[in-house]
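# Results of the structural survey
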Amino acid sequence: MSVSAVATDPAVCAPLPVLGRDVRVPLVTGGEVDYAALDYAASSPALQRVWDDVAAYAPYYGSVHRGAGYLSQLSTDLFENSRRTIAEFLGCRADEQVVFTRSTTDSLNLLAAVLPQDTRVFVFETEHHASLLPWEQRADVTVTYLDAPRTPAQAVATLEQALADREPSPSSRLRSSRGYPNGPALVCVTGASNVTGELWPVRELAAAAHAHGARIVLDAAQLAPHHPVDLAELDVDWIAFSGHKLYAPFGAGVLAGRADWLQDAEPYLAGGGASRKVSRRTDGGVDVEWHTTAARHEAGSPNVIGAYAIASACKALTEAGFDTLVAREQELITRVREGLAEVPEVRVLSLFGDDAPRVGVLSFVVDGWNSSHFAAALSAEYGIGVRDGLFCAHPLVRTLLGSDPQDPGECGAPEAAPGELSLNAIRVSFGAGTPDEHVDRFLRAVKELVADGARWNYRTVEGRCVAVV
């Protein structure tokens, strides 16, 4: 059967073929099995389409923007066409920019670096560390951390109250020429939680932000691989995401959106490519004229392959059709949730409730098990790769787990601080490259481990639970 034939039959394989779908891994109990990659929320496998496109371009790789040779000219066209493809994928408006970065983390740190002086930032404690931490790197920026909401409506109400509290009374309100009251403000919010997979009310949060004169940036790292993301439709000011979560693991990310704060700020990195003109002054120093385009924040030799890989993934997802991809993923989500619900010892973590819409990301704990031990057994005995720990969202996971830790068991959590060895969870995540068999094997493994226990011995080595060999 051809690859294309397999890809069109979800019962046999996934809608979009990915690399690694035929990789065999050893089991401690003997034999080998096809590796079940169920850690998409950390890094998704590369789409076969992306790999093929990159391989086809690789012999023509050349320097970008500043070379006269044929390969340099071709690479420049490829790089800028990739920017246009991604802008179209994100629904960017004509006056908005697409800046290439290294990752979502890099994109949000870039935005933090260009914030106007005295900006007020509002961020929920439920964010990934990439969204939670960059803002306090600026001494002239004030950060307000908002408590974890328990419903989407509460999230909107919490933000509205926080923004209202920062404003002066109507009689004394002053508006700057930029149009924001009482100084610049930025809201940072995720589109889909990297812990629970739950969808956040982005449009409503954007409306609340704009009603109070604030701007909003969307962390779409977990949303973009699963749902269409459109700047204009969601009415957000910026979108940040990573290639490695969008089936394009070649070291690139994107910050897309409004250009004014980006143009007004000093370059994120100083160097070639960001500068239009550099000249010596009579006093011995240098004068620099910086670009006002996206190049202003792309100093150095660009990651052409990373940018092209993201563009290739955007094309593949668009051509496959998000309606089709979302429908099948919802089938997998339902199967996983119903399967886990059959095991009383399993508790799925949720902020907004069991019926909240979500992408293919679920975290859970198992009574009587340390999560790192459970994840190690899934890998060693079943060939299933999941994630365990606090998922770079420590405040959120602590909130979801509450104050009562599990029995630490035989293994500790790799991310845990002293005294919190049992404060961790298991995360299973999947997407357009996940075959049905991986989900079925995962559910079977959970039920067997809970019913019968691990068939192997495990211990902690350098903070990681591993099988004893």
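Everything that follows concerns the structure shown earlier in this document.
What this report covers is the structure whose coordinates are included nearby. Computed from a prediction, not measured in an experiment: that's the story for all the values here.

Within the chain one finds 14 helices and 19 strands. For the chain, long-range pairs separated by at least 24 residues make up 70% of all intrachain contacts whose partners lie at least 6 apart in sequence. By element, 51% of the accessible surface of the chain is carried by carbon and sulfur atoms, the whole surface being about 19,800 Å².

This part is about the sheet that holds strand β13 (residues 346-348). Overall, antiparallel pairing links the four strands, which are arranged β13-β14-β17-β16 in an open sheet. Pairing within the sheet leaves two strands with one partner each, and these edge strands are β13 and β16 (387-389). For this sheet, the mean angle separating the axes of adjacent strands, direction not counted, is 30°. The sheet contact formed by β16 and strand β17 (residues 425-429) spans three bridges and is antiparallel. In the sheet register, G389 faces β17, and the bridge partner there is A425.

Among the nonpolar cores identified, the biggest contains 85 residues, and I86 and L90 are the most heavily contacted of them. Counting residues per element, this core draws most heavily on helix α10 (residues 304-320), at 10 residues. Every residue in contact with I86, bar those within four places of it in the chain, is listed here: V98, F100, F241, V254, A307, I310, A311 and C314. In terms of nonpolar packing, the next biggest core, distinct from the first, is built from 34 residues, I333, V366, A375 and Y382 among them.

Within a sheet, adjacent strands bond to each other through the backbone by hydrogen bonds, running parallel or antiparallel. The strand order across the open sheet formed by seven strands is β4-β10-β9-β8-β7-β5-β6, and the pairing between neighbours is mixed. Strands with a single pairing partner mark the edges of an open sheet, and in this sheet they are β4 (97-101) and β6 (142-146). Between one strand and the next, the sheet's axes are offset by a mean angle of 20°, whatever the strand orientation. Two strands pair when backbone bridges link them, and β4 and strand β10 (residues 253-257) are joined in this way by five bridges, in the antiparallel orientation. Bridge pairing in β10 places Q97 opposite G257. Against the sheet, helix α7 (residues 202-211) makes contact with β5 (120-124), β7 (185-190) and β8 (215-219), and its axis sits at roughly 155° relative to β8, the strand it touches most.

Attention shifts here to the pairing of β8. Buried residues dominate β8, accounting for five of its five residues. Of the two faces of β8, the one carrying R215, V217 and D219 and the one carrying I216 and L218 are both buried. In this sheet, β8 lies alongside β7 in parallel orientation, the contact comprising five bridges. When the sheet's bridge partners are listed, C188 is paired in β8 with V217. For the crossover from β7 across α7 to β8, the handedness is right-handed. Pairing of β8 with strand β9 (residues 238-242) involves three bridges; the strand directions are parallel.

Rules used throughout
Residues numbered from 1 in each chain as written. Predicted model: local features only at pLDDT ≥ 70, side-chain atom pairs only at ≥ 80, totals over all residues. Heavy atoms only, no water. Helix = DSSP H or I, 4+ residues; strand = E, 2+ residues; numbered from the N terminus. Contact = heavy atoms within 4.5 Å. Areas by Shrake-Rupley, 256 points an atom, 1.4 Å probe, with all protein chains shown as cover. Pairing = 2+ DSSP bridges. Axes fitted to C-alpha atoms, helices over the stretch in contact; angles between N-to-C directions. Core = buried A, V, L, I, M, F, W, Y, C linked by side-chain atoms within 4.5 Å. Buried < 20%, exposed > 50% of the residue type's maximum accessible area, 1.4 Å probe, protein only. Right-handed = clockwise from strand over helix to strand, strands pointing away.

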